[in-house]
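Architecture and fold: a report
Below are the chains, spelled out letter by letter.
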Amino acid sequence: AGEVWGMVQAVPMFIEALNGLDIQVYLILRDHPKVTSVNAPDEFRRIYLEYHKALIKLEVGKIVDSKELTSDEVNAGADIVVGISSTMLVEACYMHKPVLHIWTPEIGEVFFKVTGNTFAQMPTTSLGAAFKAESVVEIQDCLRRIIAGDTRATLEAQKKYFRADGLNGQRVAEAILNYYY
């Protein structure tokens, strides 16, 4: 649930970064199901409204309504996948797409608390399979690199660690067996 609280910080940062780059984009924002659920707590509804206010500040592109699309369809059509900790980021690594994690100390602190002190950084980032940005300037730098095609290192890490070759179950079983025996 940490990604929900992080949206209040990440979305405005991303919009500011896009406006500063002055490139035309199609932005498809996927809301976490926890904030769009009819049973969403009042706190999540407040968070949803707060980060959606930032969207009206996008000056250099168009926001695409993705309510009728599945997450798989959005990921498949995306040139770049950006987020905090969504499973869509992991799925994008399997699809060998450029991935950008927005991660600030404040977001990290929330995650650390929400996960019981077990999650201090996204594994995709620590494996080198995704870019990581902690400020508007870093988001812009990462996006410039991605747009310029400077993604070789992350792509190699994705190919190494995110293989969809039908043998993932076997690798997990072997890792478990090696751990215990």
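Procedures and definitions
Residues numbered from 1 in each chain as written. Predicted model: local features only at pLDDT ≥ 70, side-chain atom pairs only at ≥ 80, totals over all residues. Heavy atoms only, no water. Phe/Tyr/Trp six-rings, centres within 6.5 Å; stacked < 30°, edge-to-face > 60°. Helix = DSSP H or I, 4+ residues; strand = E, 2+ residues; numbered from the N terminus. Buried < 20%, exposed > 50% of the residue type's maximum accessible area, 1.4 Å probe, protein only. 1 Å grid on protein atoms, 1.4 Å probe; cavity = no way out; pocket = protein on both sides within 12 Å on 5 of 7 lines; lining within 4 Å. Points joined across faces, edges and corners; volume = space filled by probe spheres on them. Nonpolar A, V, L, I, M, F, W, Y, C, P; charged D, E, K, R; others polar.

1. A word on the packing of aromatic side chains
- Under the counting rule described, the total for this entry stands at three aromatic pairs.
- Note on Tyr 48 and Tyr 51: the rings are 5.9 Å apart at their centroids and 70 degrees apart in plane angle, and the pair reads as edge-to-face. In this pair, Tyr 48 and Tyr 51 both sit in helix α3 (residues 42-53), three residues apart, roughly one turn of the helix.
- When its relative accessible area of 24% is taken as the criterion, Tyr 48 is described as partly exposed.
- Look at Tyr 94 and Phe 162: their rings are 5.2 Å apart centre to centre, the planes differ by 90 degrees, and that puts the pair in the edge-to-face class. In this pair, Tyr 94 is assigned in helix α5 (residues 87-94) and Phe 162 in the loop between α9 (152-161) and α10 (168-180), connecting sequence segments 68 residues apart.
- Judged by relative accessible area, which is 8%, Phe 162 ranks as buried.

2. Some remarks on the layout of surface pockets
- The calculated volume of the largest pocket comes to roughly 1,100 Å³.
- Taken together, 40 residues line the largest pocket, and the ones lying closest to its centre are Ile 28, Leu 29, Ile 80, Val 81 and Val 82.
- Mapped by element, the contributors of at least two residues to the lining of the largest pocket are α1 (2-21), β1 (25-27), α4 (71-77), β3 (81-83), α5 and α8 (136-147).
- The leading source of residues in the lining of the largest pocket is α1, at eight residues.
- Here the lining of the largest pocket is composed, by residue class, of 26 nonpolar, nine polar and five charged.
- Roughly 250 Å³ of internal volume is contained in the second largest pocket.

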